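# Close look at the chain arrangement
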Amino acid sequence: MGFSIYQRGDQIAGNKLGAAVTDGNYRWILEIPYQPHVMEVNTTEGFYELSDWVHLGITWSARLGLHLYINGLQYAVDITGYRKIRPDDYETRLILGRRNDFLDHDSNFTFEELAIFERELEPFEFRDMFGLRDNINYNDADYYWDTQGLITSDYFILADHAVNQSEASIGPNENTVVVDDDTIELVDQQSDILLGDFNGTCISDPSLCYRGITVSLWFNYAYANSGTQYILSSGAQATSRGFVVLKQGSTLKFIVDDGSNIWTVGFSLSDIPNGEWCNLAFTWHKDIGLTVYLNGASLTPTSQTITGSSSLDDYSLLVLGRRNDMETQYGDFKIHNLVIWEKYTYSKNVHRLFGISAVEKYHYDKSDYYWPFDTPAKLINPTVFSTDGISYTSDRHSVGKAVCTDGSKGYIQLGNIPCLSNPSFCTNGFAVALWMKLKDIPSDQGYLISVGAQEEDEIGFVVVQKPSYIDVIVGDGTYQWQVEVAQELFSFKHWEYFAFIWSPNDGLTVSINGTVVANQESGVRNKVRTNDRYNKMTLGRSNSENDDFILACYDDIIVILPDANTQLPGVEDLYGDPGCPGYLTSDQVFNVTDGNTDVGTYSTQLVTDRYDVTQGAVETVSASGQHGYIGVSLGNATTTCLNDPSLCTNGITMSMWLKPRNFANLQDSNTNPDGYGYIISTGPSGGKGFILKATRNQINFVVNDGLTEWDAEVSIRLSKDWTNIALTWDPYTGPRILLDGIEPATTVSTNPNDTSTSAPHSYTDIHIGKRIDDDSGYYHAVYDDLVVWYEVLEFSDPNIPSIVYGDDCREVLVTTNHAELDALSVWTGTIECDNEHAAGCSRDLDELYEMIAGDGVLDETAYQIVVQKLHAYAQPRTYMTLDELEVSVEVFNKLLHHTLPKTLNETEALDDLQTVLEISSSLLIGHRQTKWKSVHQSHPGATMMMKDLESYFMDVVSRMRDEDGKKGDLNITLATENLIMQTSRFDISSYDPDVQFTFPFYGDARLGDIDEEWSAPSDTITLPKNVFDFTTSTDGKATVVAFLYETMDEVLPSYSGDESVDSDNSQVNSRLMSLALDPPLREDLYNPVVIVLQNSEEKTSSEETVCTFWDYDMEDTINGGWNTTGCKLHSSTSTETICYCYHLTQFSSLKQPKNTEGETKHDKILRFISWTGLVISMLALIILLVIYVGFRPMRRVHHMIHVNLIVAMLVAKFCSMIVMLIQNKMDACKTMAVFLHYFYTASFTWMLVDGIHLLVEIKVTLGIWFRERLRYYLLIGWGLPAMIVGISLAITIEGYGSTTSCLFSIKDGAIWGFIAPCALIIIANVWILITVVRNTGDEEIIKKADKLDSRKSSLRASAILLPILGLTWIFGALYIGEGHIVLRYFFVILNSLQGIFVFLLHGLGSQEVRVVGKALIGRKNVEKEFVSVLRKMALPKEQREEKEKAPQPIKPAYMG
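Before going into details, it helps to say that this report is about the structure given with it.

Reading the values: the criteria
Residues numbered from 1 in each chain as written. Predicted model: local features only at pLDDT ≥ 70, side-chain atom pairs only at ≥ 80, totals over all residues. Heavy atoms only, no water. Pairing = 2+ DSSP bridges. Helix = DSSP H or I, 4+ residues; strand = E, 2+ residues; numbered from the N terminus. Patch = residues over 30% accessible without salt bridge, like charges linked within 9 Å, V, L, I, M, F, W, Y side chains within 5 Å. Areas by Shrake-Rupley, 256 points an atom, 1.4 Å probe, with all protein chains shown as cover. Salt bridge = Lys/Arg side-chain N within 4 Å of Asp/Glu carboxyl O. Core = buried A, V, L, I, M, F, W, Y, C linked by side-chain atoms within 4.5 Å. Buried < 20%, exposed > 50% of the residue type's maximum accessible area, 1.4 Å probe, protein only. Contact = heavy atoms within 4.5 Å. Disulfide = S-S within 2.5 Å.

With that out of the way, let us pick up the sheet that holds strand S6 (residues 56–61). Across the sheet, 4 strands lie side by side as S6-S7-S8-S56; this open sheet has mixed pairing. Each of the sheet's edge strands pairs with one partner strand only, and the pair in question is S6 and strand S56 (813–814). Judged from the 2 bridges that link them, strand S8 (residues 73–78) and S56 form a sheet pairing that is parallel. By the bridge assignment, Val 77 is partnered in S56 with Val 814.

See the structure below:
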């Protein structure tokens, strides 16, 4: 355990700098490419190597991970780490220069200081805690005084700039006031701060500022005094060199005196914010002049002069608050910091003076109000934090600070912005944008931004986070705009850029990361808001009340308030941070595509750059083919380093990208008379300046400083791909060229200059693509990015390619290759616990599982380690928590699915099986039953163990081979405290079908004292004699694996989805046994498996026993439940239960209270409806049957069909009545279910016969005799149902009847043996009826129309009965499947009244039956009445109608 920072050499990937932390459980590791810049230094003692000082640091916590810092900047992070167990911490020494556990891996470095804090540090804390500058933008400053430094100074200033001129000491005098951590106040009462004596330095003598000087200070100046007050002084008064900043009357002056000239610039005090914090900076170079910046923007002076000077460096103190040569003219202001660079600062880097990054400067420049949370920039617009509930966190760049509110007490007030609190003032609209990290979902609502508008009558602007969306509201007093941003459009715990743009004309638009997510163009007038009571812009809660807090983080908030001349920004302008442009250390970058005042293009065209950005580079040939160039203006001054190398006192470096296009013009004497193409030209040929020119085969870099001309020549043919050319020069080392990061072989020639040709020239710009002094020397190429450093960059620096390429943007590397880095870790020379697998290092179950969770299938090595570990962890004597038990099951599952070899040695396999069985036995120990019950509420638990255990043992046994490698017979018995396993393997062909296999065989000596330990168990499973007649194979080897579990009844839940099991009141009441056979048996055996189960508790007279098996596929369960399907109770006593089951699986018995509850209200009603309806239906059917059978005239074919239909339905109703009496008798119930299936199917088939007969009588020629036709009808009516029921019984006999219902089973599919044929019959009958009706227009049919007319009652009856019967069984099927009470009512009513429907349709609806009925009622001769009706019906339809219309004869009186 511990931490390390190390270097590692890699021949392929290069040198690495890394760090690692191990806490005993995890290891965090990170590496970055790192090559120190080592330089050879020549001394009198010889050469030695020296590199720059660098500050290395790491910070770690299990929460934040491991972070690596270089010079205060984060470069790498490992957030997650990886599992690496180091249980011991033997090596406790802290050692520098080598590892602490082995005399090896020495390091070569120079060490100065080591500091350790025993807590994690955020990136913004790191710099301050380790003595680095708190503001990263001041890292390259030569002198830096923060608020603390102004009081105490620092070691280097105290050592190098101690005051020698007087008795005064460095620091503030007694009148200076320390206001707070950010502020020191110098009052106009002789208060000052002496910063040191800088004699002989650039500060006191600017003539020594070869690169210039820059001074920046943050101060707050209330200018009430009209006299002279000094703010900062290092001289520049009277006859002293130096610089000074002072207030003189109403003018603020900046003076620099270098002994040759005095530069003075003045500004009106009205340009400086009165009584507000601001950043004031000036930068000076003797060849460029003096420039002043206020808050990062250049100030236009009201006066400026340059006069001669002959002053000396007489006064060398640097003083804040007074003159440095006398104690007078004190200032009156507050100051935060002071920063000095001994170089000129070009506009590109002005943001550094401001103390903010280029990205923060980007946000500041585009806004009217800006709130960062890093000092010193946060001073411009002060904020008010709540006293509690506010914390700092790292910003999105892992550099600065952001602020978080805690969601309960924290909030931030940004101040009053009238335009936001009353948008009616914002006639041109407003835009608010900020970086925000949402960290939680509020239970109700929380205010992210609040400027009024949170009440129904409030105007203003508000952003409210709600549980599923963000609500944005703007009310201007007349209209309201309101949009919702759905939760899925934003993320949590990640920085995102939110922008809100509103104007009265264009409405409200919300964007996230530059993408519009919601908008509303027109406001709603009926939501008028008029009150403006709460006008402070607040983050984190409502600004009206102390509630509705929110948990969120904020950074870089901007508000844009355009005026009439400024356009409101669009979404494309508020996309977040600009990309890093690179060239971070350069002084000037000339973007050739900008088209600004500094860069002009002539006869060129924009093309794609090296990053494939459209119009990102310039080609120096116009679209018409005319040669062109790029001109870069350097200002009006002629004394610039670029045009006059003699002014480059520290040398110069330039970098440019180009892509040659065409070399043909190089041979053109008109365009290129000297055969060269000029890439860069800053001076005339032979005059001062720099020239980079090329032919097809060489490049020349020419430098002329007026005294010497250098010509560096490289022989090379530039390709037509992008090439980076870097140039560097100083008068001591001369010119050097770097091509694509590599310095080629260069020939340098020097020639003394003729003074007549080296005089100053008038060129003040740069030409790219041609020579500056003539319209010739064109070099046709694509150009991009001319970059300048006013210093010499060392080509030996390993980072030089990335610097000159512009690839020097910092990227934080996140470790994802843990396995690769772990493999590269140093070996300690001792065998570690993870030398074979990380699981070897585990110290508990959680660690064991985490180490194997990601492994997929365990290999044999990992298996052996894990099985031994789990065996030790699961010992019965070991206390195990609920979580540990759940983890144990997961690990056990992982074990049983490891990769097995094709064959296994019997001895080794038996040892493994014994160990696995012991693990199972330990996990299932009885005293863990409470925890198992909790496990089973959310996990499969023990049931998954049973299933996996059976599969694993079967798999292992099937692979076992004897010493000769043969698959011989086996007979294995293994016993543990809670488990017995027996397995046999034998030839199926040698198996005696008259011998029954019984498990377990208690006579086996290997069971030991099982009788005593298990209280004389009698549980057995016996296979049927002819068991192998029903397997999938009848030859080869058979394997039987059987288990008997002692404590499983205490472990398994009693849950069941089976109707026969009362899950709430039942309990497992026997040991659990399982048996598996390979080859497997079919699902439904003809002969049962006999299971004898010893009751765990005696069964009382009020309890019943249910034979069950564990059904892993039971619906709506986690991993199954108890099922009774295929199992039945054979017999049961108080101590023993015998079950018959027709399949193999895990068996047990449940006991539950007998059903003694009375019928429910619905049961009583339905029973009454059933009995009443069935009785009435049967009476109606009997009456109708008597009429059909008892009278000879009714014995016709179609009447005989109706007789059979009535018989089928009558028997079906009778069976339904019997069912209600035998509901709980399984065998009788199953029998009645078969009868119901047969007779209800017969009802449908006889209706089919009725339809067929009707079709035959209409369509077929007469002549088929009665008996012949009836024979076929009987075959269909009674034979077809018999065939259907027989097939259904063969397929699923278990689907008929249960202890709760004597109907068909949905689950076993028996009901489809009834529903499907009936549906087909209904479809056929409908087709028949439609055919009969549609064909009544045919000539042949017209002849038989009378017959159809006489059969219309049958036609009508079929048309009505078919849907009634079909609808009845639709409700029946739905009721059986779903069990809804409403469906049951429909089914019972329709089913019980079917007989009545038949009576009404085939009885009262039939004219023949009505004749019989009338004759019986009128006591007339039935046959005579029937013959009379038949004769009438035999007449043609027209004659019958005429006869009915004819007047009836008057009956004589004597016939009275």
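There's plenty left to go through after this.
Residues Phe 3, Ile 5, Val 54, Leu 56, Leu 94, Leu 96, Phe 109, Phe 111, Leu 114 and Ile 116 make up a contiguous nonpolar surface patch of roughly 910 Å² in combined accessible area. Among the structural elements, Ile 5 can be located in strand S1 (residues 2–8).

Here the focus is the nonpolar core. Formed by 63 residues in total, the largest nonpolar core has its most connected members in Trp 932, Leu 949 and Phe 953. Here the element with the most residues in this core is helix H14 (residues 942–959); it accounts for 10 residues. Ignoring anything within four residues of it in the chain, the contact list for Trp 932 reads Leu 885, Val 889, Leu 923, Leu 924, Gly 941, Ala 942, Met 945 and Val 1051. With 50 residues, the next largest nonpolar core counts Met 1178, Ala 1180, Ile 1201 and Cys 1215 among its residues.

Quick look at the state of the cysteines now. Evaluated as defined, the whole model comprises 7 disulfides. Linked covalently through their sulfurs, Cys 404 and Cys 553 form a disulfide whose S-S length is 1.9 Å. Residues Cys 404 and Cys 553 are joined by a disulfide whose S-S torsion is about 95°; by sign, that bridge is right-handed. Taken as a pair, Cys 404 in strand S29 (residues 401–406) and Cys 553 in strand S40 (residues 551–560) lie far apart in primary sequence, 149 residues in all. Cys 553 carries the same exposure label as Cys 404, and that label is buried. Across the disulfide, Cys 1127 is cross-linked to Cys 1141 (sulfur-sulfur distance 2.0 Å). Taking the torsion about the S-S bond as the criterion, the Cys 1127 to Cys 1141 disulfide, at about 120°, is right-handed. Placement of the pair is Cys 1127 in strand S69 (residues 1127–1132) and Cys 1141 in strand S70 (residues 1136–1141), with a sequence separation of 14 residues. Summarising the burial analysis for this pair, Cys 1127 and Cys 1141 share the class buried.

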